[in-house]
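Structural overview
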Amino acid sequence: MKTSNFIRQIIDRDIANNKHNGRVVTRFPPEPNGYLHIGHAKSICLNFGIADDYNGVCNFRFDDTNPSKENIDYVNSIIYDVQWLGYAKDGNILHASDYFDQLYEFAVELIENGKAYVDSLSPDEIREYRGTLTEPGRNSPYRDRSIEENLALFTRMKDGEFPENTHVLRAKIDMSSGNINMRDPVLYRIKHESHPIAGDKWCIYPLYDFAHSLSDAIEGVTHSLCTMEFEDHRPLYDWCVENVSAPSRPEQTEFSRLSLEYTVLSKRWLTKLVEDELVAGWNDPRMPTLSGLRNRGYTNASILDFCERVGITKNFNEVEMSVLENCIREDLDYTAPRLMAVLDPLPVTIENYPEDEVDWLPAQNHPKRPELGNRKVLFSKRIFVERSDFLEDPPRKFFRLAPGAEVRLRYAYLVTCTEVIKDQAGNVMELRCRYDPESRGGFAPDGRKVRGTIHWVSQANAIESEVNLYDRLFTVPNPAGTKDADFAELINPDSLKVVNAMIEPQIESATPGTRYQFERSGYFVLASQNGDNEKPVFHRTVTLRDSWAKRN
RNA sequence: UGGGGUGUAGCCAAGUGGUAAGGCACCGGACUUUGACUCCGGCACUCCCAGGUUCGAAUCCUGGCACCCCAGCCA
């Protein structure tokens, strides 16, 4: 059972009062006009999680009422993502378009009861008649058409006799309402477009408020949970359900949408990132989409955990990225086997190690989980170490390589740097070191303390790989809220850095999707094994915490 | 007097009249062949502000203030 929240408290109360006969039916109603992102995950976890815990059901329903924006690729990606999170595995997928016939009948019913009319104002005129936030609207001159005339017109709309934008069906509510949604909202519009599922059967399509509320009612949804921007739609939601012969009486409750620092979580901005080619696509590992996070190496468990941690309230919130990062680190610390990988290789020659000798040293795949086994790593005269693990003029407490300093090569030997070789420009090209032959495994024979342990790979058998180092997509915490900003200029230029890394040979037999911790560096996922450049490609999911970097 | 909503730590978030949970972040310190992990300790005398009710208020009342959303034939 998940942590409680105000919505679960409402449900507890409803059950105690035997409201809806104690049933709990929720729904997740995405519009297939983009990919799902982590904000959707919050809603998915809420709706499906409640259904699971209350022995209810959560209907997975596409809100496919606008064929001009929706397509089947989006549908497929959404299904995949929901199932990846672990829900809707039964494959029972519903569509608002399944109810177009019933919805049409409800509309006719409204007309027959004098509660809806066909308006023939132009879109511009409708806007003008609607008034403003502070001034009431005016009644349309077509508002008082007779029931017969409305019925005839609506039928002709359905039969395709009119071009788009010439007529709409409107609810007859109150043009002077302070709530603009109640100023005779449009219920149906003409669209001469074929629908991915309904085909060419319709040329009029219902709008959100009408379709959504009544789809809920048709399905017997009890608790319709949505985000807060729909709060002032609730009176209209209720109006629709109350003014037709709806088979049930669902109730809408709103909660705050997720917002995450240094990224954007709105369809509009995400679509723009993709269309402007600021990212490689919806599933670019820098995107907050579920497919992007998956490519980045995030596990479904880490995302579920994250959704649990951020909670459900009506507060405005802006969650720090560190919460998400903590979730994936926690998951991968336990599950990911360790490997050594040098992301920025600096050659090192062990002066006193015999040229033709090799040594296979045992290494643990996971320091806390012996059941994950051991492996042998090759040690030889020539190795690579991380360039950032050497400093010619180190600060105090720099427990790494420096001229004259001794460090432990993990699982191997204690070595001391004896010489620094530079090119003419002064760049460090290579290090010479001497090793202590008595320190095999990294143990000092005389018990002397060696604080530093660094990772390394043998030049003889390391696999060169392409590694994509990802960082936050934007340079500012709230890019969508940055006024007058050119979106492209807010992109973090270092959000992707590609490097050639040298990695232990185990990776050659790994399949894409395999995750590792590269020791002292971070968590990485194998993205492809035989890509265009023939080299394995890794994505960095997240770095390890680095208290040294933080201090300096 | 347009309508709707929200204010608890740097960021999330419990709390529902009985004396401020937890997580993330941060700061110590222990351990360490990953400067990781783990472990211990610290981190709101006060809950947007001001009055009021009460033995007692983050919780109730009154009045302010700040911020967010709404004028698509989008969802």
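This is a predicted model, so every value here is computed, not measured.

Examining the sheet that holds strand β23 (residues 515–518)
Across a sheet, strands are paired by hydrogen bonds formed along the backbone, either parallel or antiparallel in direction. Reading across the sheet, the 7 strands line up as β10-β23-β24-β25-β21-β22-β11 and stay open at both edges, with mixed pairing between neighbours. Each of the sheet's edge strands pairs with one partner strand only, and the pair in question is β10 (338–339) and β11 (341–342). Examined bridge by bridge, strand β21 (residues 463–470) and strand β22 (residues 496–503) share 8 bridges and lie antiparallel to one another. Residue pairing across strands places E466 opposite N500, the latter belonging to β22.

Describing the protein's contact with RNA strand B
Taken together, 69 residues sit near RNA strand B, with R338, K368, G441, Q517 and R545 positioned nearest. Among the atoms of RNA strand B close to the protein, meaning within 4 Å, 61% are from sugar or phosphate groups. Measuring from a sugar or linking oxygen of RNA strand B, one finds a side-chain N or O atom of R410 at 2.8 Å. Going through the elements one at a time, α5 (123–130), β6 (186–190), α11 (300–310), α12 (321–335) and α14 (547–551) are the ones with two or more residues in the surface near RNA strand B.

What about the packing of aromatic side chains?
This structure, assessed with the given rule, holds 25 aromatic pairs. An angle of 15° between the planes, with centres 5.0 Å apart, marks the rings of Y104 and F154 as stacked. Within this pair, whereas Y104 is found in helix α4 (residues 100–112), its partner F154 is found in helix α6 (residues 147–158), the two being separated by 50 residues in sequence. Grouping residues by exposure puts Y104 and F154 together as buried. Site record: aromatic cluster; members linked through ring pairs are F100, Y104, F154, Y188, W202, Y205 and F210. Over the ring of W84 we find R294, and its NZ or CZ is 4.9 Å from the ring centre.

Considerations on the pairing of strand β16 (residues 406–409)
Sheet analysis places β16 next to strand β17 (residues 414–422), joined by 3 bridges and oriented antiparallel. When the sheet's bridge partners are listed, E406 is paired in β17 with T416. Connecting β16 to the next strand, β17, in antiparallel fashion are 4 residues, including Y411 with a positive phi near 65°. Bridge count between β16 and strand β19 (residues 453–454): 2 bridges; the pairing is parallel. Paired with L409 across the two strands is I454, which belongs to β19.

So, the state of the cysteines
One pass over the full model with this rule turns up 0 disulfides. Free of any disulfide, C226 has its nearest cysteine sulfur in C58, 14 Å distant.

Focus on the sheet that holds β16
Read across the open sheet, the 7 strands follow the order β19-β16-β17-β18-β12-β15-β20; overall the sheet is mixed. The strands lining the two open edges of the sheet, one partner per strand, are β19 and β20 (456–458).

What about the environment of Y188?
For Y188, the location among the structural elements is in strand β6. Remark: the alpha-carbon pair of Y188 and P354, spanning 166 residues in sequence, is separated by 83 Å. At 3.3 Å, the side chain of Y188 and the backbone nitrogen of Y104 are in polar contact.

A few points about the nonpolar core
Counting residues in hydrophobic clusters, the biggest one holds 38 residues, and the most contacted among them are I38, F48, F60, V82 and I303. The set of elements that each furnish at least two residues to this core consists of α2 (38–53), β2 (57–62), α3 (72–84), α10 (290–296), α11 and α12. Ranked by the residues each element gives to this core, the list is headed by α2, at 6 residues. When neighbours within four sequence positions are excluded, V82 is seen to be in contact with F28, L36, I44, F48, F60, Y87 and A88. Y99, F106, I111 and C240 belong to the second largest nonpolar core, which has 34 residues in total.

Some remarks on helix α7 (residues 208–219)
Counting along an α-helix, one turn takes 3.6 residues, and residues three or four places apart therefore face a common direction. Between its terminal C-alpha atoms α7 stretches 16 Å, which fits the 16 Å expected from 12 residues at 1.5 Å a residue. Burial runs high along α7: 10 of the 12 residues are buried. Those residues of α7 not exposed but buried are D209, F210, A211, H212, S213, L214, S215, D216, A217 and E219.

Rules and cut-offs
Residues numbered from 1 in each chain as written. Chains lettered and ligands numbered in written order. Predicted model: local features only at pLDDT ≥ 70, side-chain atom pairs only at ≥ 80, totals over all residues. Heavy atoms only, no water. Pairing = 2+ DSSP bridges. Helix = DSSP H or I, 4+ residues; strand = E, 2+ residues; numbered from the N terminus. Near = heavy atom within 4 Å. Polar contact = N/O pair within 3.5 Å; in protein donor to acceptor, adjacent residues only side chain to side chain. Phe/Tyr/Trp six-rings, centres within 6.5 Å; stacked < 30°, edge-to-face > 60°. Buried < 20%, exposed > 50% of the residue type's maximum accessible area, 1.4 Å probe, protein only. Lys NZ or Arg CZ within 6 Å of the ring centre and 35° of its normal. Disulfide = S-S within 2.5 Å. Core = buried A, V, L, I, M, F, W, Y, C linked by side-chain atoms within 4.5 Å. Contact = heavy atoms within 4.5 Å. Expected span 1.5 Å × (residues − 1).

Everything listed here is a matter of coordinates, which is why it stays silent on function.
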